[in-house]
Amino acid sequence: MGTFRPVIHVSRIRKSYGATVAVSEVSFDVGEGEVFGLIGPNGAGKTTTMECVEGVRRPDAGRISILGLDPFRDVVQVQNRIGVQLQQAQLQKRIKVWEAVDLWASLYPKPLDGNRLLEQLGLADKRNAWFMTLSGGQKQRLFIALALINDPEVVFLDELTTGLDPQSRRAIWDLVRGIRDRGKTVFLTTHLMEEAERLCDRVAIIEHGEIVDIGSPEELVRRHCPTRTVILATENALAEERLGAIPRVENVIRQGSQFTIQGRGEDFVTEVIQCLSENRIRVADFRTVLPNLEDVFLKLTGHSIRD
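This structure is a prediction, so every number in the text was calculated from the model and none was measured.

Q: So, the packing of aromatic side chains: which residues are in play, and what are the values?
A: By the definition in use, this model includes five aromatic pairs. Both rings, one in Phe 131 and one in Phe 143, keep their centres 5.9 Å apart while their planes meet at 45°; by these two values the pair is tilted. Here Phe 131, found in the loop between α4 (114-120) and α5 (136-148), pairs with Phe 143, found in helix α5; they are 12 residues apart in sequence, far enough to count as distant. Assessed through its relative accessible area of 2%, Phe 143 is described here as buried. Chaining the aromatic ring pairs together yields one cluster made of Phe 28, Phe 36, Phe 156 and Phe 187. Sitting over the face of the ring of Trp 130, Arg 94 holds its NZ or CZ atom 5.9 Å from the ring centroid. In this arrangement the basic side chain of Lys 96 is found over the ring face of Trp 130, its NZ or CZ atom lying 5.1 Å from the centre.

Written out as structure tokens, the structure is:
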């Protein structure tokens, strides 16, 4: 990465709606060229935070700078250098795909070639289609095209694949990686942990308007979920005792011939394998269960992200 150059700097922002505190004391930096994800359940404050950074909503307190500019004072400069993904409601049903692209291009001083963009996003054959006839995945691609039309340095994507089928979702993930590969910074929100794990260089977990922790997905897993689990099946009578004697084993659960072994440390899985080979324990099934962001979220907040 070289030196960390923050493209977005957010310091202690607050935003309330009447008595409801949507965002409270939120701070984070987004580095140049990274995909940064704000992750958390619906209603945690993700969209409000993003709208404050984009300059759509003014926070009650705190400081935000984007590309060294103030999103409220330097509004025109900021808008020309960022790309924002629209929400469904912001396009008329009876606009054609090419018309939407032309309209958006006309708002900026140096737009990209709209036709090439549609080609890159797999929408070339939909140029003349009405917006309302597009599938969910095609609409999302069009929104991404509109977010990229001004060749922005920072791209904002809010809940980008919600409601899409797995195939469209993967296609959109590839598009996001492509945006980053072109040297742009991507700031996204999602409540899909797999999306965050696949796409983000770093994530900030937000819950009830506060940031609980920030780091790369691997870092957060190491920090909060050091336990490793091995599940194996064996008929060997000595297995339970021998597996229980492995250093750093925390727990051996037996159900018939199936054993679930939990322990800590980078070498834990290796130690289980060594134990099996030293004691010549034959196994019919062997698999490891590695913790992921979903587990981190559960550990940090006490509930699943889907609840």
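Q: Now, about the sheet that holds strand β13 (residues 285-289): what can you tell me, with residues and values included?
A: Taking strand neighbours across the sheet as the criterion, the four strands line up as β11-β12-β10-β13 in an open arrangement whose pairing is antiparallel. At either end of the open sheet lies a strand with only one pairing partner, and these are β11 (249-255) and β13. Adjacent strand axes in the sheet meet at a mean angle of 15°, parallel and antiparallel pairs treated alike. Looking at chain direction, strand β10 (residues 227-233) and strand β12 (residues 258-264) are connected through seven bridges and run antiparallel. What sits directly across from Arg 228, in β12, is Gly 263.

Q: Outline the layout of surface pockets, listing residues and values.
A: In this structure, the largest pocket encloses a volume near 260 Å³. Along the wall of the largest pocket there are 13 residues; nearest its centre are Glu 54, Val 56, Val 84, Gln 85 and Gln 90. Top contributing element to the lining of the largest pocket by residue count: helix α1 (residues 46-54), with four residues. A breakdown of the residues in the lining of the largest pocket according to their chemical character gives four nonpolar, six polar and three charged. In this structure, the second largest pocket encloses a volume near 150 Å³. Considering the residues around the second largest pocket, the lining is formed by Cys 225, Thr 227, Thr 229, Gln 262, Val 289, Leu 290, Pro 291, Asp 295, Leu 298 and Lys 299. Listed by contribution, the elements that provide at least two residues to the lining of the second largest pocket are β10 and α11 (293-301). With three residues, the single largest contributor to the lining of the second largest pocket is α11. Taken together, the residues that form the lining of the second largest pocket break down as five nonpolar, three polar and two charged.

Q: An account of the pattern of salt bridges is requested, with residue identities and associated values reported.
A: In this structure the tally under the stated criterion is 19 salt bridges. Here Arg 177 ties to Asp 174 by a salt bridge, and the two come within 2.9 Å at their closest N and O atoms. Taken together, the residues span about one helical turn, with Arg 177 and Asp 174 both in helix α6 (residues 166-181) at a distance of three residues. We classify Asp 174 as partly exposed; its relative accessible area is 47%.

Q: How would you explain the side chain of Thr 49 if you had to name every residue and give the values?
A: With respect to the helices and strands, the residue Thr 49 is situated in helix α1. Classification of Thr 49 by relative accessible area gives buried; the value is 0%. Setting aside residues no more than four positions away along its own chain, Thr 49 makes contact with Ile 13, Val 23, Val 26, Phe 28, Leu 38 and Ile 206.

So, how was this worked out
- Residues numbered from 1 in each chain as written.
- Predicted model: local features only at pLDDT ≥ 70, side-chain atom pairs only at ≥ 80, totals over all residues.
- Heavy atoms only, no water.
- Phe/Tyr/Trp six-rings, centres within 6.5 Å; stacked < 30°, edge-to-face > 60°.
- Helix = DSSP H or I, 4+ residues; strand = E, 2+ residues; numbered from the N terminus.
- Buried < 20%, exposed > 50% of the residue type's maximum accessible area, 1.4 Å probe, protein only.
- Lys NZ or Arg CZ within 6 Å of the ring centre and 35° of its normal.
- Pairing = 2+ DSSP bridges.
- Axes fitted to C-alpha atoms, helices over the stretch in contact; angles between N-to-C directions.
- 1 Å grid on protein atoms, 1.4 Å probe; cavity = no way out; pocket = protein on both sides within 12 Å on 5 of 7 lines; lining within 4 Å.
- Points joined across faces, edges and corners; volume = space filled by probe spheres on them.
- Nonpolar A, V, L, I, M, F, W, Y, C, P; charged D, E, K, R; others polar.
- Salt bridge = Lys/Arg side-chain N within 4 Å of Asp/Glu carboxyl O.
- Contact = heavy atoms within 4.5 Å.

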